[in-house]
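Observations on the model geometry
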2 protein chains.
Amino acid sequence: MARPIYIAIAAVTLDGKIAKTKSHMSTWTSKEDKLFMRALLNKCDAIIVGNNTYKTAIKPLSKRNCIVLSRSANKLISKSSGLTRGVYSPPFKGGARGGYKPRLEYCNPKKSDLKKLIRDRGYKRIAILGGAQTYAYCLKNNLLDELYLTIEPIVFGKGINLFESRKFLEQKFKLDSIKKLNRQGSLLLHYKK
Amino acid sequence: MARPIYIAIAAVTLDGKIAKTKSHMSTWTSKEDKLFMRALLNKCDAIIVGNNTYKTAIKPLSKRNCIVLSRSANKLISKSSGLTRGVYSPPFKGGARGGYKPRLEYCNPKKSDLKKLIRDRGYKRIAILGGAQTYAYCLKNNLLDELYLTIEPIVFGKGINLFESRKFLEQKFKLDSIKKLNRQGSLLLHYKK
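Residues numbered from 1 in each chain as written. Chains lettered and ligands numbered in written order. Predicted model: local features only at pLDDT ≥ 70, side-chain atom pairs only at ≥ 80, totals over all residues. Heavy atoms only, no water.

Some points on the overall build of chain A
To keep things clear, this is the line we draw: Secondary structure counts use DSSP, requiring at least four H or I residues in a row for a helix and at least two E residues in a row for a strand, with both numbered from the N terminus. Each residue is placed in one exposure class: buried if its accessible area under a 1.4 Å probe, protein chains only, is under 20% of its type's maximum, exposed if it is over 50%, and partly exposed if it falls in between.
Tallying secondary structure elements over chain A gives five helices and 13 strands in all. Counting all 193 residues of chain A, 52% fall into the buried class.

In structure tokens:
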């Protein structure tokens, strides 16, 4: 079986911030970025997201298969129902519409095997939606193959960085494509490892 | 007299870092970025640079008119000689070659009037070379009209941010142009206020 592909999606300011504070919602990103993100999520089987980020976007995320990374999950918690455990859920185009029930799972990767979970579920394309600790965890653990980075033409001056890490995590990428999303100059960059 | 133009030049990683540590020299940036920077500096009359950054690049910077921002400068210190005070030095193409002596001045902007100094010197185009505190000072004090941001396709994971500020400094920009500098995908972005 082919290895799953892990695709991080992030919007940053010119100064590399993903938010002003932990509870800051992504109201500051362009509508073009939001449209792009939704289209990309439609092509993914599941989302990896941190608990804080999940809470800031429960409504849109509850329509999709989510693995929520959480330090407080002592064991794997599966909150959704109506799906046989271990059965592959195909990519979904309409979320909860059409009777489809997405799967919500809480996983502490220090206590449960995240890679095995993804293998068991049969997920092939996984979107990583942040926040900073989740992006850093994935980068560090070889769970970040591609990065879609939208650079919004705004500066915050301070805030939450793309990666939150105590150690250096030096890694090289290669720019695959560039797309200007609007007149103001929101820029969508696609990088691969 | 037209207001001087302030142009910040910075190279950042994908995660918005300008260096790993305060003493980290810019050995990690692409040669294309260095060539671009040199060409742009040749079109500027003077450089504003922080004391730490100046120390990491004394040799190339000593060929150019520099205003070094330093908290320890109690009054304006002019270290270069051979130039009549207050006389305009035209843009220079070859640095110290040809008998031209660049002007080196240390300024604490809390104690000396930086804008008046630049007016007195007749500088028309000023390049801001960082580091993080200097970029933030200029942004905060309306001394940052344009930003040339080179995004190198590398991640550090942690390090020095583009701006170092205790307060939010939210400001919008407009993307003016995009240039891919090399095959790996170093990207030169030009933003204006």
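The discussion continues.
Overview of the pairing of strand 4 (residues 66-69) of chain B
Residues and elements named next belong to chain B. Basically, it comes down to this: Paired strands, as defined in this entry, are two strands with at least two bridges between them according to DSSP.
The alternating pattern of strand 4 places C66 and V68 and I67 and L69 on opposite faces, both of which are buried. For strand 3 (residues 46-50) and strand 4, the ladder comprises four bridges, and the chain directions are parallel. In the strand pairing of strand 4, G50 is matched with L69.

A word on the relation of the copies chain B and chain A
Here is the rule: Copy-to-copy alignment: least squares on C-alpha atoms, limited to residues at pLDDT 70 or above in both. For this analysis, residues touch if any pair of their heavy atoms sits within 4.5 Å.
Taken as rigid bodies, chain B and chain A are interconverted by a rotation of 180 degrees and an axial shift of 0.0 Å, the fit giving an RMSD of 0.0 Å. A rotation of that kind, with that shift, is consistent with a two-fold axis. Rotation axis and chain B: the residue whose C-alpha lies nearest the axis is B:G16, separated from it by 2.1 Å. A share of 100% of the interface residues of chain B reappears at the interface of chain A, consistent with the copies meeting face to face through the same patch.

Considering empty space enclosed by the protein
Rules: For each structure, a 1 Å grid was placed over the protein atoms alone; sets of points admitting a 1.4 Å probe that cannot get out are labelled cavities, open sets with protein on both sides within 12 Å along at least five of seven lines are labelled pockets, and lining residues have an atom within 4 Å of a point. Grid points are joined across faces, edges and corners, and a volume is the space filled by probe spheres set on the points. Note that Gly is not counted as nonpolar here; it falls among the polar residues with everything else outside the nonpolar set of Ala, Val, Leu, Ile, Met, Phe, Trp, Tyr, Cys and Pro and the charged set of Asp, Glu, Lys and Arg.
Evaluation of the coordinates by the stated rule reveals one cavity of 30 Å³ or more. Space inside the largest cavity adds up to approximately 60 Å³. Together, A:V12, A:T13, A:L14, A:G16, A:L149, A:I151, B:V12, B:T13, B:L14, B:G16, B:L149 and B:I151 line the largest cavity. Mapped onto the lining of the largest cavity, the elements with two or more residues apiece are strand 8 (146-151) of chain A together with strand 8 (146-151) of chain B. By residue class, the composition of the lining of the largest cavity is eight nonpolar, four polar and no charged.

Description of helix 5 (residues 132-140) of chain A
Within an α-helix, residues lying three or four positions from one another point in the same direction, as the helix has 3.6 residues per turn. Buried within helix 5 of chain A we find A:A132, A:T134, A:Y135, A:A136, A:C138 and A:L139. Once helix 5 of chain A ends, the next one or two residues include A:N142, with phi positive near 60 degrees.

Re the nonpolar core
Here is the rule: By nonpolar core we mean a set of buried residues, namely Ala, Val, Leu, Ile, Met, Phe, Trp, Tyr and Cys, connected to one another through side-chain atoms within 4.5 Å.
A:I48, A:I151, B:I48 and B:I151 are the most contacted members of the largest nonpolar core, which has 74 residues in total. Beyond its immediate chain neighbours, meaning those up to four positions away, A:I151 contacts A:V12, A:T13, A:L14, A:G185, A:S186, A:L187, A:L189, B:I151, B:L189 and B:Y191.

Quick word on the interface of chain B and chain A
The cut-off we apply is this: The buried area of a pairing is the accessible area, by a 1.4 Å probe, that goes missing from both parts when the two are put together, added over both. Should a side-chain nitrogen of Lys or Arg be within 4 Å of a carboxyl oxygen of Asp or Glu, the pair is scored as a salt bridge.
Taken together, the contacts link 39 residues of chain B with 39 residues of chain A. Of the roughly 3400 Å² buried between chain B and chain A, counting both surfaces, carbon and sulfur atoms make up 62%. Between chain B and chain A we count two salt bridges in total. Of all elements in the fold, only strand 8, strand 9 (154-155), strand 11 (171-172), strand 12 (174-180) and strand 13 (187-192) of chain B reach the threshold of two or more residues within the side of chain B that touches chain A.

Describing the sheet that holds strand 7 (residues 125-128) of chain A
Residues and elements named next belong to chain A. Counted only if it meets this: Working convention: axes come from line fits to C-alpha atoms, limited for helices to the stretch in contact. Angles between N-to-C directions cover 0 to 180 degrees.
Pairing is mixed in the open sheet, where nine strands are placed in the order 5-6-4-3-7-1-8-13-12. Since the sheet does not close on itself, it has two edges, and those belong to strand 5 (77-78) and strand 12 (174-180), each with one partner. In the packing of helix 1 (residues 31-42) onto the sheet, the strands contacted are strand 1 (5-12), strand 3 (46-50), strand 7, strand 8 and strand 13 (187-192), and the crossing angle to strand 1 comes to about 170 degrees. Sheet strands touched by helix 5: strand 1, strand 3, strand 4 (66-69) and strand 7. Its angle to strand 3, the strand with the most contacts, is close to 115 degrees.

Focus on the sheet that holds strand 3 of chain B
Residues and elements named next belong to chain B. Ordered by their spatial adjacency, nine strands build an open sheet running 5-6-4-3-7-1-8-13-12, and the pairing between neighbours is mixed. Single-partner strands in this sheet number two, and they are strand 5 (77-78) and strand 12. Sitting on the sheet, helix 1 (residues 31-42) touches strand 1 (5-12), strand 3, strand 7 (125-128), strand 8 and strand 13, and the angle it makes with strand 1 is about 170 degrees.

Section: the pattern of salt bridges
According to the stated counting rule, one finds 10 salt bridges over all chains in the structure shown. The closest approach of N and O atoms between B:K20 and A:E170, which form a salt bridge, is 2.4 Å. Of this pair, B:K20 sits in the loop between strand 2 (17-19) and helix 1 while A:E170 sits in the loop between strand 10 (160-161) and strand 11 (171-172), on two different chains. With a relative accessible area of 41%, A:E170 lands in the partly exposed category.

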